[in-house]
Amino acid sequence: MKAINKIVVVGATGAVGGTVLHYLAAKGWPARDLFCVASSASRHKTLRYRDQDVNIIAVEDFDFSCTQLAFFAAGSLVARNYAQKAVQMGNWVIDKSSCFRNDPHVPLMILSVNGALLDKTHPCIISVPNCSTIPLAMVLKPIAERYGLTRVEVATYQAVSGAGAAGSCELSAQLTAYPATHPPQCFTKPILNNVIASIDQLSDSGYTLEELKLHIETRKILHLPDLIVNATAVRVPVMQGHSEAVFIETKAPVDLPTIIALLNASLHVTLLTMPELPNPLEHATEGGTVWVGRVRQLPGDSPNRLSLWLVSNNLQRGAALTAIEIAEALGAFA
């Protein structure tokens, strides 16, 4: 496999791109071997990386033959226009957008869940799942392997940073203006003191695209094409950290002590027991852990059903860190 000597971050000025840069800096990746790419609006600007100013290059101007690994964190349109071009010029492409997630020829990858699919023989596109799908799949995997799955019901409570820097700025502006109002631009309604039960576009089925992503992506990652994943995605006035209430129906009756042991043994999953409760303020500020709590079964209900609550950092575990781990598996930081 060709050595990875140069890396480009496409979408370097965005929330996910900035988090990728944070992890690259933590890995000690040198500024001289890094290219920062963004839209033409950022042409000739700089950003700070490891105490150095790095020039931002417009994506239209960038020569992908200069690099061997490209992180794409700039949305589906940019990925559609430039990801294949980057591969043709010799790059591994790790894409955080939804552009290729449903493509049967593109692996949709979480290293700890289906990393065995990683093919290191030649550069290709590797897709990273949605920020809510990632922690859900990480928790479901050991349960699916032990008991089988028939149905998952999930309600997500998603931070404003899931909508990018604009979402965080909007909540900040409404906090600053309070008790006066600040008109919404990023979201359909004011997010301060509110919850919005709609994320992304509404489909003809009555489900939003965010909800359909959870259904489609979870089935693909877990290799369970018949699994029902019924989702309700809600935006909440939290800066960072997605939470999920998960109801699981299994093929075989579950044993709670075994479930707890399975979760405790899972990579990057930490189980909290009562009275400790996973919450974004305490548990989603830093790091790649998926925090799980309130694992329970309803007395008198079917022994094939259980419920749990999970929290994770949407910009880190839900995006950048998952991409960084794939890059590391490709040998980027050897």
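The structure under discussion appears in the preceding block.
Per chain, residue numbering runs from 1 following the sequence as it is written. Local features in this predicted model are restricted to residues whose pLDDT is 70 or higher, and side-chain atom pairs enter the listing and the counts only when it is 80 or higher, whereas totals over whole chains, interfaces and linings include all residues. The side-chain figures draw on all heavy atoms in the structure; neither hydrogens nor water molecules are used.

Chemist: What am I meant to see in the overall build of the chain here?
Modeler: Think of it this way: any DSSP run of H or I at least four residues long counts as a helix, any run of E at least two long counts as a strand, and we number them from the N terminus. If you tally the helices and strands in the chain, you get nine helices and 13 strands. Structurally, the chain occupies a C-alpha span of about 65 × 55 × 40 Å along its principal axes. The proportion of buried residues among the 334 residues of the chain is 49%. Relative to all contacts within the chain whose residues are 6 or more apart in sequence, the contacts with residues 24 or more apart total 66%. Positive residues here are Lys and Arg, negative ones are Asp and Glu, while His and the chain termini are left out of the count. By convention, charge coordinates are those of NZ in Lys, CZ in Arg, CG in Asp, or CD in Glu. Between the mean site of the 26 positive side-chain charges and the mean site of the 27 negative ones, the chain shows a separation of 3 Å. Summary of the burial criterion: residues with accessible area below 20% of their type's maximum are buried, those above 50% are exposed, and those between are partly exposed, where the area comes from a 1.4 Å probe applied to protein chains only. For this analysis, residues touch if any pair of their heavy atoms sits within 4.5 Å.

Chemist: What exactly am I supposed to notice about the sheet that holds strand S3 (residues 46-49) here?
Modeler: In a beta sheet, neighbouring strands are held together by backbone hydrogen bonds and run either parallel or antiparallel to one another. Should DSSP find at least two bridges between two strands, the strands are taken to pair. Read from one edge to the other, the open sheet built from seven strands follows the order S3-S4-S2-S1-S5-S6-S7, with strand pairing classed as mixed. Two strands bound the open sheet, and with one partner strand each, they are S3 and strand S7 (125-127). Pairwise comparison of adjacent strand axes, ignoring direction, gives a mean angle of 25 degrees for this sheet. Summarising the sheet, strand S1 (residues 7-10) and strand S2 (residues 34-38) pair through four bridges and their orientation is parallel. Within the sheet, the bridge partner assigned to Val10 lies in S2 and is Val37. Fitted lines through C-alpha atoms serve as axes, helices being fitted only where they are in contact, and the angles separating the N-to-C directions of these axes extend from 0 to 180 degrees. Sitting on the sheet, helix H2 (residues 76-88) touches S1, strand S5 (69-72), strand S6 (92-95) and S7, and the angle it makes with S5 is about 170 degrees. Contacts between helix H9 (residues 316-329) and the sheet are confined to S5, S6 and S7, with S5 contributing the most and set at about 165 degrees to the helix.

Chemist: Can you walk me through the sheet that holds strand S9 (residues 228-235) in this structure?
Modeler: One open sheet accounts for six strands, arranged S9-S8-S10-S13-S12-S11; its pairing is mixed. Taken across any chain shown, the strands that pair with only one partner, and hence form the sheet edges, are S9 and strand S11 (269-271). Strand-to-strand twist of the sheet, defined as the mean angle between neighbouring strand axes without regard to direction, takes the value 20 degrees. Both strand S10 (residues 242-250) and strand S13 (residues 305-312) contribute to a ladder of eight bridges, which runs antiparallel. Following the sheet pairing, Glu249 is matched in S13 by Arg305. Lying on the sheet, helix H6 (residues 209-222) is in contact with strand S8 (149-158) and S9; it crosses S9 at an angle near 140 degrees.

Chemist: I keep staring at the packing of helix H4 (residues 133-147) against helix H7 (residues 256-264) and nothing clicks. Help me out?
Modeler: Geometrically, a packed helix pair is captured by the angle between its two axes and the distance between the axes. With their axes 9 Å apart at the nearest point, H4 and H7 run at an angle of 130 degrees to one another. Classed by the angle they form, the pair H4 and H7 counts as oblique. Crossing of H4 over H7 shows right-handed handedness. Taken together, the residues of H7 that come into contact with H4 (itself represented by Val139, Pro142, Ile143, Arg146 and Tyr147) are Thr258, Ile259, Leu262 and Leu263. When residues are sorted by character, Ala, Val, Leu, Ile, Met, Phe, Trp, Tyr, Cys and Pro go into the nonpolar class, Asp, Glu, Lys and Arg into the charged class, and all the rest, Gly among them, into the polar class. Considering only residue class, the contact of H4 with H7 consists of seven nonpolar, one polar and one charged. For classification purposes, an angle smaller than 35 degrees is called roughly parallel, one larger than 145 roughly antiparallel, one from 65 to 115 roughly perpendicular, and anything else oblique. Helix crossings fall into two classes, left-handed where the near helix is turned counterclockwise from the far one by less than a right angle and right-handed where it is turned clockwise.

Chemist: Is there a simple way to explain the nonpolar core in this structure?
Modeler: Nonpolar side chains in soluble globular proteins tend to be buried together. In this structure, Leu24 and Phe71 are the most contacted members of the largest nonpolar core, which totals 67 residues. With nine residues, the top contributor of residues to this core is H4. Phe71 has contacts with Ile7, Val8, Val9, Val10, Val20, Leu24, Ile94, Ala323, Ile324 and Ala327, leaving out every residue within four places of it along the chain. For the purposes of this section, nonpolar cores are sets of buried Ala, Val, Leu, Ile, Met, Phe, Trp, Tyr and Cys residues that join through side-chain atoms within 4.5 Å. Within the second largest apolar cluster, 18 residues are counted, among which are Val10, Phe62, Phe72 and Ile125.

Chemist: Looking at this structure, I do not really get the packing of aromatic side chains. What am I missing?
Modeler: Two descriptors summarise a pair of aromatic rings, namely the distance from one centre to the other and the angle between the planes of the rings. Any two of the Phe, Tyr and Trp rings considered here, Trp counted by its six-membered ring, make a pair once their centres fall within 6.5 Å; the pair's planes then place it as stacked at under 30 degrees, edge-to-face at over 60, or tilted in between. Counted under the stated rule, the structure contains five aromatic pairs. Relative to Phe64, the ring of Phe62 lies with its centre 4.9 Å away and its plane at 90 degrees, an arrangement referred to as edge-to-face. Accessibility assignment for this pair places Phe62 and Phe64 in one class, buried. Joined through ring pairs, the aromatic side chains of Phe35, Phe62, Phe64 and Phe72 make up one cluster.

Chemist: Got a minute to help me understand the side chain of Ser307 in this structure?
Modeler: Structurally, Ser307 is set in strand S13. Discounting chain neighbours no more than four positions away, the residues touching Ser307 are Val246, Phe247, Arg294, Val295 and Arg296.

Chemist: Help me understand unusual backbone geometry in this model?
Modeler: Peptide bonds are trans in most cases, and residues, glycine excluded, mostly fall at negative phi. The residue after Tyr178, namely Pro179, is reached through a cis peptide bond having omega 10 degrees. Cis rather than trans, the peptide bond between Met274 and Pro275 has omega equal to 10 degrees. Following the sequence through the fold, Pro275 ends up in the loop between S11 and helix H8 (280-283). If you check the backbone angles, His44 has positive phi at about 75 degrees while not being a glycine. For His44, the location among the structural elements is in the loop between S2 and S3. Taking relative accessible area as the criterion, His44 reaches 72% and is therefore assigned exposed. Phi at Arg50 takes a positive value of approximately 50 degrees, unusual for a residue other than glycine. By secondary structure assignment, the location of Arg50 is in the loop between S3 and strand S4 (52-58).

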